[in-house]
Amino acid sequence: MNSRSQFSFFHRLRVRWAEVDLQRVVFNGNYLLYFDVAFTEYWRHTGLPDPLAQQAAGVELFVRKAQIEYHGSAGFDDEIDVGVRCARLGRSSMTMALAIFRGDEHLIDGELTYVYADAQAKKSTPIPEAWRERIKAIERVLPA
């Protein structure tokens, strides 16, 4: 389970009416959307090539795996903070840890694994060293 202190990057969102279900809480699948939005903002924060620049270079990050663990629920008009950090940086993949908080209340844990790949062949390729150095520089601690 993640704690707020494990994250140095957060993106704040407000839950919209269209994102809640009949139980008046965020529909479970929308948490993946929140993760995607927060990861996009994390990536913008790194200053590394955005998806369009990656595509122009013939490479892309593809989601290989997504996991969510629910501890609580957010509701309409709640302000939530989505924490994002790189938990593992492999040869051609990276695993991002994510967590959603409402104030100090820990609601959701998640994990997204991305594979860096040749966009046409859809085959993995090593993550560039400059990317590795930048990600390591913005993270407090990055396991080997």
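In the block above lies the structure referred to throughout.
The following refers to the structure shown. It should be emphasised that the depicted structure is a prediction, and the values quoted were computed from it without experimental measurement. (Residues numbered from 1 in each chain as written. Predicted model: local features only at pLDDT ≥ 70, side-chain atom pairs only at ≥ 80, totals over all residues. Heavy atoms only, no water.)

Notes on the layout of surface pockets
What counts, and what does not: Put plainly, a pocket is an open set of points on a 1 Å grid over the protein atoms alone with protein on both sides within 12 Å along at least five of seven lines, a cavity is a set where a 1.4 Å probe fits but cannot get out, and a lining residue has an atom within 4 Å of a point. Grid points are joined across faces, edges and corners, and a volume is the space filled by probe spheres set on the points. Secondary structure elements follow DSSP: runs of H or I of four or more residues count as helices, runs of E of two or more count as strands, with numbering from the N terminus. Gly is placed with the polar residues, together with every amino acid not listed as nonpolar (Ala, Val, Leu, Ile, Met, Phe, Trp, Tyr, Cys and Pro) or charged (Asp, Glu, Lys and Arg).
Roughly 310 Å³ of internal volume is contained in the largest pocket. Around the largest pocket, the lining is made up of 13 residues, and of these F39, T40, W43, P51 and Q54 lie nearest the centre. Elements represented by at least two residues in the lining of the largest pocket include exactly α1 (30-46), α2 (51-56) and β2 (59-70). Counting residues per element, the lining of the largest pocket draws most heavily on α1, which supplies 5 residues. For the lining of the largest pocket, the class distribution of residues is 7 nonpolar, 2 polar and 4 charged. Estimates place the volume of the second largest pocket at around 160 Å³. Along the walls of the second largest pocket sit M1, N2, Q67, I68, E69, R85, A97, D109, G110 and E111, which together make up its complete lining. Looking at the lining of the second largest pocket, the elements that each hand over two or more residues are β2 and β5 (105-118). When the residues that make up the lining of the second largest pocket are grouped by side-chain class, the tally is 3 nonpolar, 3 polar and 4 charged.

Some thoughts on the packing of aromatic side chains
Put simply, the test is: Side-chain rings of Phe, Tyr and Trp, where Trp is taken by its six-membered ring, are said to pair if the distance between their centres is within 6.5 Å; with planes under 30 degrees apart they count as stacked, over 60 as edge-to-face, and otherwise as tilted. Only when the NZ atom of a Lys or the CZ atom of an Arg is both within 6 Å of the ring centre and within 35 degrees of the ring normal do we say a charge sits over the ring.
Evaluation of the coordinates by the stated rule reveals 12 aromatic pairs. Here the aromatic rings of F10 and F101 are separated by 6.3 Å at their centres, their planes lie at 65°, and the arrangement is edge-to-face. Note that F10 is positioned in strand β1 (residues 9-14) and F101 in strand β4 (residues 93-102), a separation of 91 residues in sequence. Where F39 meets W43, the ring centres are 5.7 Å apart and the plane angle is 35°; that geometry is what we call tilted. Remark: W43 and F39 occur in helix α1; sequence separation between them is 4 residues, near one turn of the helix. Taken together, the aromatic side chains of F9, F39, Y42, W43, Y114, Y116 and W131 make up a single cluster linked through ring pairs. Above the plane of the ring of F10 lies R4, whose end atom (NZ or CZ) is 4.7 Å from the centre.

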